[in-house]
Amino acid sequence: MSAYPKTLRKTVTEIYNKAVSTGSVVKFESTSKYLKTSNSSESSLKYHLTYCDIDAQKPQKPEREDVVKEKFNPFLKHEPELTVLDNIMDNEYKLVLNKYPIVDEHLLLVTQKQVPQSSLLNPNDLNAAYKLLKTLQQEFDEEEEDDDEDDEDVKKERYAVFYNCGPNSGFSIDHKHLQCIKLPNKLKTYQDFLVQENPEPFIPNVKRQPLEYESVAYANFNVPLPKNLNNDDEYLVMCYVSLLQRALTYFQQWEIEDPKDRMPTSYSFIMTTDWMTIIPRSKSVAEVEFEDSKYTLGTNALGYLHMLLFKEEQKKLYEDMLAKKDSTPVEDFLLACGFPNNFGAAPGENDY
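Residues numbered from 1 in each chain as written. Predicted model: local features only at pLDDT ≥ 70, side-chain atom pairs only at ≥ 80, totals over all residues. Heavy atoms only, no water.

Participant: So what about the pairing of strand β6 (residues 159-165)? Which residues, and what values?
Facilitator: The buried fraction of β6 amounts to 7 of the 7 residues, a majority that puts the element mostly inside the structure. Here β6 shows two buried faces, one formed by Y159, V161, Y163 and C165 and the other by A160, F162 and N164. Bridge count for β6 against strand β7 (residues 177-182) is 4 bridges, and the pairing is antiparallel. Among the inter-strand pairings, V161 is bridged to a residue of β7, identified as C180. Pairing geometry for β6 and strand β9 (residues 267-271), over 5 bridges, is antiparallel. Along β9, the bridge assignment pairs Y163 with F269. (Buried < 20%, exposed > 50% of the residue type's maximum accessible area, 1.4 Å probe, protein only. Helix = DSSP H or I, 4+ residues; strand = E, 2+ residues; numbered from the N terminus. Pairing = 2+ DSSP bridges.)

Quick look at the structure:
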């Protein structure tokens, strides 16, 4: 039995449109442009850059001096106007709308109980996430089959689930949640190119390592997924664990005796119906320099889906990069927030 109704996508759209019309969801106005990489080693890649003045659009609540400020967890509050499904997999999860989206119909798959965002994904997490993708994607595919218009760009739209794990991954709420978005038209990530060249699904092990994309500067571990897993939950778990084991080698730091001084384990997990990726993360925020000016950028897993956000303080960088068709700051930034790509390096004996 599916964890989601077949009409999920229509339900999401209806609830989202109503929430926007009533002000329960505040959709930020933004501008997006594609920028082709200026990296000569990979001319096919593009970045989806979005400029949004979030601070000017986000509602500001008046501060009260008599109230002691505490970290607020919105996921513990029941908000019917944002709730798509409130009982998934025996009430283990709920599916809600992002209250402040930049992308339409941005979904959050949230655990009902408060679990740290630094915790590993478990079999149910992966199963719920994959079935969410399949339900949304299958319904979308069926709609496209009924559409007489031959629009290749529209047909390439897909969904992705991502998980920001650990303090350097870019999460904002320390309560376990995976996020799901529809990918922009024409977006083709390095993972898509990699899996296109290596389409055969496999579970990485000592004899066969995860796929790595040589032409990006940051460490990346990837695996293609079968077209239909047929409820094979163990397959997702084995893929996840094998990718995670490779990513964890960046955090061993045996030379640092005091565990408190070691870099905390953080990574970006991304999955579509075609592939799974883990990117080890060293930072969520980094400084880049361009045209004699310095800028501070931040990202979660979306940066490694080639989707980057520029706020008001980074507007000049956004405009200058597009005008000069120079993606160098983006590539420097993604490397600074990850680890150097040691493409082809043999795994250590403890990596699996």
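Participant: So what about helix α1 (residues 8-22)? Which residues, and what values?
Facilitator: The terminal C-alpha atoms of α1 lie 21 Å apart, and with 15 residues this matches the ideal 21 Å at 1.5 Å per residue to within 8%. What α1 keeps buried is the set L8, R9, V12, Y16 and A19. The buried residues of α1 occupy one face: seen down the axis, they fall within an arc of 95°. With respect to the buried face of α1, the exposed residues turned more than 90 degrees away are E14, K18, S21 and T22. (Expected span 1.5 Å × (residues − 1). Arc of directions from axis to C-beta.)

Participant: Pulling in residues and values, what's your account of the packing of aromatic side chains?
Facilitator: One pass over the structure, following the stated rule, counts 10 aromatic pairs. Where Y240 meets F269, the ring centres are 5.8 Å apart and the plane angle is 80°; that geometry is what we call edge-to-face. Taken together, the residues Y240 in helix α6 (residues 233-248) and F269 in strand β9 connect sequence positions 29 residues apart. Residues Y240 and F269 agree in their burial class; the two are buried. The ring of F202 carries the charged tip of R208 above its face, separated from the ring centre by 3.9 Å. (Phe/Tyr/Trp six-rings, centres within 6.5 Å; stacked < 30°, edge-to-face > 60°. Lys NZ or Arg CZ within 6 Å of the ring centre and 35° of its normal.)

Participant: For the environment of D90, give the residues involved together with the corresponding values.
Facilitator: Relative to the elements of secondary structure, D90 occurs in the loop between β3 (83-88) and β4 (93-97). The class for D90 is exposed, based on a relative accessible area of 79%. Taking the C-alpha atoms as reference points, D90 and A3, 87 residues apart in sequence, are found 9.2 Å from one another.

Participant: Which residues make up the sheet that holds strand β1 (residues 31-36), and what are the values?
Facilitator: Spatially, 3 strands are ordered β1-β2-β13 in an open sheet, and the strand pairing comes out mixed. Edge positions in the open sheet fall to β1 and β13 (307-310), since each of these has one partner strand only. Each neighbouring strand pair of the sheet contributes to a mean axis angle of 25°, computed without reference to strand direction. Pairing of strand β2 (residues 46-51) with β13, which is carried by 4 bridges, proceeds in the parallel orientation. Bridge pairing in β13 places Y51 opposite F310. Lying on the sheet, helix α7 (residues 315-324) is in contact with β1, β2 and β13; it crosses β1 at an angle near 45°. (Axes fitted to C-alpha atoms, helices over the stretch in contact; angles between N-to-C directions. Contact = heavy atoms within 4.5 Å.)

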